[in-house]
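Observations on the three-dimensional arrangement
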Amino acid sequence: MGTIDDIRAKLDIVDLVSQYVHLQKAGRNFKALCPFHSERTPSFIVSPERQTWRCFGSCGTGGDAFSFMMKRESIEFSEALGLLAERTGVQLKPRDSEREDSSALLYKINDSAASYFHHLLQSSPEAEDARGYLKQRGFFKETIENFQLGYSPSDGGMLLKHLKAQGYSREDSLAAGLATKPEAGGIKDLFRGRLMFTIRDQRGRTLGFGGRALGETWPKYINSPKTPIFDKSGILYGIDRAKNAIRQDKWAVVVEGYTDVLTAHQHGFKNVVASMGTSLTERQVDALKRLSTRVSMAMDADTAGQEATLRSLKSSWKALHRNVHPIRGRGRQRYLEGPPQQTIEVVIMPPGKDPDNVIRESDQEWSTLLENSKPLLDYIMEAEVARVNLEAPGARGAILEEFRGLLVTADFLDQDRYVLKLAKLLGVSEDSIKLTLRQAPRASEPRPSVRPRETAGDALESTGKQPEDVLGEDVLEEYVLALLMQRPELKELARGTSPDVFKHPENRDIFLRCVHGDGLEESLSERSGPDHLAQRLEQLSGKDIPEEPGDKLRDGLIECLNRLEVRRLKDLKTEEAHILSQEESLGEIADGIQRSAPERNAQIRELERRGHKAVQ
């Protein structure tokens, strides 16, 4: 029995889910309000017989204990495996004990520093100015404790002495970014005489710090340097305190400063985080995708239209739409996947004010600004056009070319609105913009070739076997993963595929890292993974993929992704039939299943008819 099977054998999904959701007995099953979307009547079913869960409402998702933990805690498979192994007492063998020990050391030393800074803020006479600043800003004791604010002593060796007494060496302090080596030699505390902001990840682990000067010291703010666990491009300040509210509201508000976050939370706006910079990075967008369907970015009016900020906003748009992939064929444009399940909006602060100012003056004004936020692409269009002299030769053409790459990734149902808006802003006809959109993509853009007459079987026929016989536990899933790993140029074709088509949570995790992560090898090297996952990756990377022309492999991949989606829908039908066949009355859940059955059948027929994945 493998590690995962061992955990499953010792785990009861009802006990697990009941830790997060209030379950009610419903015959042989349990029902509850779905924890992943708002609803008034229960649509969430837990089956102790099948050891599965399923939402029969708007979510339409389900799975086993691993997938529940991954979705509920917004974590990856490796982390879910660790939590469930600890819960069941199953011992995991670390893939890289040395790396795991190194990361654990950095978390621990940062935790020790955070406690030390917090203690000094509360009790040290030297921290009087810091306490006075917080009092003047109106921060409550509860806020200071919840966010573990602190104070770093002005003596350049006090933290080092404290950490040494805790058993940490100077080399440990340097590795954690808590100390620095000046050119003059020696070693000193990095943060000296500053108000300290503790920066944590979603799981509450201390990654690093931000330090604010209290006098005329320059720079005003400094952050921890990049370390194996601290990279501000992927961090959202306050996410450990905000994740539950974001998950509940499906809405994240992103501000720029630490104190903006503190003030928002203190006034009851618990879904606010800071981006550690002027705008969202792709990694931060990806992190928020797991928690929310709506993101509002509060922008400083003085910088919102600057070129660097606009470039960053465009990157945010592209990150949001990476799961929408256009396919050109037969004279029109189609999509591998529907519109993204998340929207990004821009909130412009009143001139001279930041969220901290606005919230302190009026909670209502802040709420109004959020509700009146502008869709990201609308804002980018207006700001970009406002910066350009449209009468200059070639100006309109340059803007059209600039926005072509953004518009082709927009939801095709919204494209007409965007085309009309851009036409009005530029003073050109809608037809000229549509013509630009129909132009062939540049070499840097993906150009998949889809020939409906060819099927996925063509990519596998050289083996003489069905996909289920080729690669092991779940051949269809593993063939897709092996193909994506060995032919990374094909992964653009899979960006629109929902990870829910993968039954096995470990395969789902590999798919997400491979297609949507920062690179599979880098992603894995940053985490302490179990041995079996490394073995699975080695197995997949060594699988024989038929030597076929690129077009044929592309078509085969699309067909396999289509098969996975058909399988997912059929499995859902099987679960629905199992629910309906039981004696107990499930009320509106059963009614909803019966109402959705014709649509589900039509989806399956259409997917099978097409033979390749198109708009869902």
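Residues numbered from 1 in each chain as written. Predicted model: local features only at pLDDT ≥ 70, side-chain atom pairs only at ≥ 80, totals over all residues. Heavy atoms only, no water.

A word on the overall build of the chain
- Summing up its helical and strand segments, the chain has 26 helices and 18 strands in all.
- Each of the 616 residues in the chain was classed as buried or not, and the buried ones make up 52%.
- Here the chain displays about 28,500 Å² of accessible surface, and carbon together with sulfur accounts for 47% of that area. (Helix = DSSP H or I, 4+ residues; strand = E, 2+ residues; numbered from the N terminus. Buried < 20%, exposed > 50% of the residue type's maximum accessible area, 1.4 Å probe, protein only. Areas by Shrake-Rupley, 256 points an atom, 1.4 Å probe, with all protein chains shown as cover.)

As for unusual backbone geometry
- The omega torsion of the bond from Trp218 to Pro219 falls at 5°, within 30 degrees of zero and hence cis.
- Phi is positive for Ser74, close to 55°, though the residue is something other than glycine.
- Position of Ser74 among the secondary structure elements: in the loop between helix H3 (65-73) and helix H4 (77-88).
- For Ser74, a relative accessible area of 5% puts it in the buried group.
- Of note in the backbone geometry, Lys250 takes a positive phi value of approximately 55° without being a glycine.
- Along the chain, Lys250 falls in the loop between helix H10 (239-249) and strand S12 (251-255).
- Owing to a relative accessible area of 23%, Lys250 belongs among the partly exposed residues under this scheme.

Examining the packing of aromatic side chains
- Per the stated rule, a full pass over the model turns up 19 aromatic pairs.
- Between Phe197 and Tyr237, the ring centres sit 6.5 Å apart and the planes meet at 85°, which makes this aromatic pair edge-to-face. Of this pair, Phe197 sits in strand S9 (residues 194-200) while Tyr237 sits in the loop between strand S11 (221-223) and H10, and the two are 40 residues apart along the sequence. Across the pair, exposure class does not vary: Phe197 and Tyr237 are buried alike.
- Between Phe502 and Phe511, the ring centres sit 4.8 Å apart and the planes meet at 35°, which makes this aromatic pair tilted.
- Within the aromatic cluster, the residues linked to one another by ring pairs are Tyr20, Phe36, Phe44, Trp53 and Phe68.
- Directly above the ring of Phe30 sits Lys25, whose terminal nitrogen or CZ lies 5.1 Å from the centroid.
- The lysine or arginine in question, Arg417, covers the ring of Tyr418, its NZ or CZ lying 4.5 Å from the ring centre. (Phe/Tyr/Trp six-rings, centres within 6.5 Å; stacked < 30°, edge-to-face > 60°. Lys NZ or Arg CZ within 6 Å of the ring centre and 35° of its normal.)

Side note on the sheet that holds strand S13 (residues 272-274)
- A sheet is described by the order of its strands in space; here 5 strands give the open sequence S13-S12-S14-S17-S18, paired in mixed fashion. Each end of this open sheet is capped by a strand with a single partner; those strands are S13 and strand S18 (374-375).
- The pairing of S12 with S13 spans 3 bridges and is parallel. Looking across to S13, one finds that Val253 is bridged to Val272.
- Contacts between H10 and the sheet are confined to S12 and S13, with S13 contributing the most and set at about 135° to the helix.
- Where helix H11 (residues 258-266) meets the sheet, it contacts S12 and S13, and its direction lies at approximately 170° from that of S13. (Pairing = 2+ DSSP bridges. Contact = heavy atoms within 4.5 Å. Axes fitted to C-alpha atoms, helices over the stretch in contact; angles between N-to-C directions.)

Points about the pairing of strand S14 (residues 294-299)
- Within S14, 6 of the 6 residues are buried, which leaves it mostly tucked inside the rest of the structure.
- In terms of strand pairing, S12 meets S14 through 4 bridges, oriented parallel. Counted as the bridge partner of Val254 is Met297 from S14.
- Bridge count for S14 against strand S17 (residues 343-348) is 6 bridges, and the pairing is parallel. Bridging from a neighbouring strand, Met297 pairs with Val346 of S17.

Some remarks on the sheet that holds strand S6 (residues 150-152)
- On the basis of which strands lie adjacent, the open sheet formed by 4 strands has the order S6-S9-S10-S11 and antiparallel pairing. Of all the strands in the sheet, just S6 and S11 have a single pairing partner and so form its edges. On average, adjacent strands in this sheet sit at an angle of 35° to one another, irrespective of strand direction.

A word on helix H15 (residues 363-371)
- Buried within H15 we find Trp366, Leu369 and Leu370. The buried side chains of H15 occupy one side of the element, clustering within an arc of 100° when seen end-on. Along H15, exposed side chains directed more than 90 degrees from the buried face belong to Gln364 and Glu371.
- In this structure, the buried side of H15 is in contact with S12, S14, S17 and helix H14 (355-361). (Arc of directions from axis to C-beta.)

A word on the side chain of Asp189
- Position of Asp189 among the secondary structure elements: in strand S8 (residues 188-189).
- The buried charged residue Asp189 lacks any salt bridge, with Arg192 as its nearest oppositely charged partner at 7.0 Å.
- With residues up to four places along the chain from it excluded, the contact list for Asp189 reads Asp155, Gly156, Gly157, Met158, Leu159, Leu160, Leu178, Ala179 and Thr180. (Lys, Arg positive; Asp, Glu negative; His and termini not counted. Salt bridge = Lys/Arg side-chain N within 4 Å of Asp/Glu carboxyl O.)

Focus: the nonpolar core
- The biggest cluster of nonpolar side chains holds 54 residues, and the ones touching the most others in it are Leu121, Leu134, Leu149, Leu178, Phe209, Tyr237 and Trp366.
- The biggest single contributor to this core is helix H5 (residues 97-123), with 9 residues.
- Once residues within four sequence positions are removed from consideration, Tyr237 is found in contact with Phe147, Leu149, Phe197, Thr198, Ile199, Tyr258, Val261, Leu262, Val273, Ala274 and Met276.
- By size, the runner-up hydrophobic cluster in this structure holds 42 residues, among which are Val254, Trp317, Ala410 and Val419. (Core = buried A, V, L, I, M, F, W, Y, C linked by side-chain atoms within 4.5 Å.)

Here we look at helix H8 (residues 158-165)
- Residues of H8 that are buried include every one of Leu159, Leu160 and Leu163, and no others. The buried residues of H8 occupy an angular sector of 100° when the element is viewed end-on, so they sit on one face. When the buried face of H8 is taken as reference, the exposed residues oriented beyond 90 degrees from it are Lys161, Lys164 and Ala165.
- Following H8 by one or two positions, Gly167 has its phi on the positive side, about 100°.

Considerations on the confidence of the model for the chain
- In the predicted model, the chain carries a mean pLDDT of 80, and 77% of its residues have values of at least 70.
- Below pLDDT 50 for its whole length, residues 440-472 participates in 61 contacts with residues either more than four positions away or in separate chains.
- With pLDDT under 50 throughout, residues 521-531 is counted as low confidence; its partners more than four residues away or in other chains account for 22 contacts. (pLDDT = per-residue confidence, 0-100.)

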